[in-house]
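# Notes for the structure review
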Amino acid sequence: MKKLLLIILLISISSYAAKIRTGIHNSFYRVVIEAKSGKNLEKLPFFDKDFIVIKLKENHLKVPKINSKFIKLFKIINQHGYKKLVFEKSDFVKSYIIKKIKNKIIIDFYKNKRVVEDKFYDPIAKLILSNENKFSKRKKLTDKIKIISLRTDPLYNLINKELSKEETLKIIKPVVVVIDPGHGGKDPGAMANGLVEKNVNLEIAKKLKRILENSRIFKVYLTRNGDYFVDLYKRTVFAVKKKADIFISIHCNADRSGKGKGTYIYTLNLRGAKSKLARIVEKRENNAVIKVVKVSKNSYVNKIVAELAMNTTMTEGRNFAYILKRKLKGITEVEDIDSANFAVLKTPGIPSVLIETAYITNKHDAQLLKDNKFINNFVIGIYKALESYFFNYKNLVLNR
Ligand SMILES: [Zn+2]
């Protein structure tokens, strides 16, 4: 009898699951996260107020259908020993209130404006957090997010004084960006209106490197630092060797008529170009290929692995391209996002894009390419896209 009781008890313990309940009220949508114990629930600080991140230290969780009108994205990220529940509020939601009552966290999403009340916002807690970081040897991306969230914190300056530059650098595992200034040396690229493409590409790449490294969250390598020739295959190998998180190839467009204008973003498509224009650009940019990249070897397994890696290169490249298009709005006219079989974008497992900044052959575009202000803004646009891709999109969706 005792044994039976024990078994029943064990079953009831092991079958316990934390749960999320939802309900629509007059003016708000309520989400309740209920854990076994209040100690297992915690709201994590996050720099972007559109996101709410809850840490749940329980193994089982029952989730109902989440109303997408109020919550644009809901994601459960399994970490070692806990889960991260990520809610991204929709644009429809104008404010929200979060409360913790015993073993529950209650989030009310409002349609109308209210002051966002975050009961968990505690600058002292953040200060303690930063001190923990100081001695922490963990080099995870989550640490980077803590640093960023501190920047918007009024106490950031105070904390920063205590945390010297070197210490901050130790905490952060930087995102590695390989920038590829197209052409170089004997291969000048396009030439028109007093501009030589290889020089413009290098200037943009160097500026981008400077601004990215200033932020201390990116480590940048250029495939060439001066005016010399590097073949396309070597550029992709370089990116793999540097363990790049992303590969960005910088180019300028050209056409005979001088009518083509604006910015184009290209991603890899192993099947080749779909549009006529993409085919022309593909042909021109592939001209410097000396060795052909071997994507697959004879072994069947190798072929599959290589193709899977190229899938990341293509699909993630495309995801980044869309973010980039948004961030370049108002700076340049992004005419299209297209794909073609670019040799230089065959960086297995690394998201890659090729940016045709503007048309060197177009009078108006050439003026822009000579304008420092335009180049600066363009580079800031790329920087913002990288920041958004790695810290909003990628960390939350893919949990890099
Ligand atoms: Zn080019």
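Residues numbered from 1 in each chain as written. Predicted model: local features only at pLDDT ≥ 70, side-chain atom pairs only at ≥ 80, totals over all residues. Heavy atoms only, no water.

## A closer look at the pairing of strand β15 (residues 246-253)
The element β15 is largely enclosed, with a buried count of eight among its eight residues. The alternating pattern of β15 places Ile246, Ile248, Ile250 and Cys252 and Phe247, Ser249, His251 and Asn253 on opposite faces, both of which are buried. Sheet topology note: the strand β11 (residues 175-181)/β15 ladder contains five bridges and is parallel. If you follow Asp180 over to β15, its bridge partner there is Ser249. Note: β15 against strand β18 (residues 352-359), six bridges, orientation parallel. (Buried < 20%, exposed > 50% of the residue type's maximum accessible area, 1.4 Å probe, protein only. Helix = DSSP H or I, 4+ residues; strand = E, 2+ residues; numbered from the N terminus. Pairing = 2+ DSSP bridges.)

## Focus on the nonpolar core
By size, the foremost hydrophobic cluster in this structure holds 45 residues, and its most contacted members are Val177, Phe218 and Leu386. The residues contacting Leu386, other than those within four sequence positions of it, are Val177, Leu212, Phe218, Ile246, Ile248 and Phe320. (Core = buried A, V, L, I, M, F, W, Y, C linked by side-chain atoms within 4.5 Å. Contact = heavy atoms within 4.5 Å.)

## Structural notes on the sheet that holds strand β16 (residues 263-268)
Read across the sheet, six strands follow the order β14-β11-β15-β18-β16-β17 without closing on themselves; strand pairing throughout is mixed. Strand pairing shows two members of the sheet lacking a second neighbour, β14 (218-222) and β17 (334-340), which therefore form its edges. Pairwise comparison of adjacent strand axes, ignoring direction, gives a mean angle of 25° for this sheet. (Axes fitted to C-alpha atoms, helices over the stretch in contact; angles between N-to-C directions.)

## Some remarks on the coordination of the zinc ion
Perfect tetrahedral coordination of a metal by four donors corresponds to 109.5 degrees between them, and perfect octahedral coordination by six donors corresponds to 90 or 180 degrees. At the metal site, the zinc ion is ligated by His183 (NE2), Glu197 (OE), His251 (ND1), Glu285 (OE) and Glu285 (OE), and these contacts range over 2.1 to 2.5 Å. For the zinc ion, all donor residues lie on one chain, and their spacing in sequence is H-x13-E-x53-H-x33-E. Placement of the pair is His183 in the loop between β11 and β12 (191-192) and Glu285 in helix α8 (residues 276-285), with a sequence separation of 102 residues. Across this residue pair, the class does not change: His183 and Glu285 are buried. (Donors = N, O, S within 2.8 Å, 3.2 Å for Na, K, Ca; no water.)

## Things to note about the side chain of Arg235
Structurally, the position occupied by Arg235 is in helix α7 (residues 232-241). A relative accessible area of 2% means that Arg235 is categorised as buried. Sequence-distant contacts of Arg235, that is, excluding residues within four places in its chain, are made with Asp180, Pro181, Gly182, His183, Thr223, Arg224, Val230, Phe247 and Val344.

Purely spatial values, then, with no claim about function.
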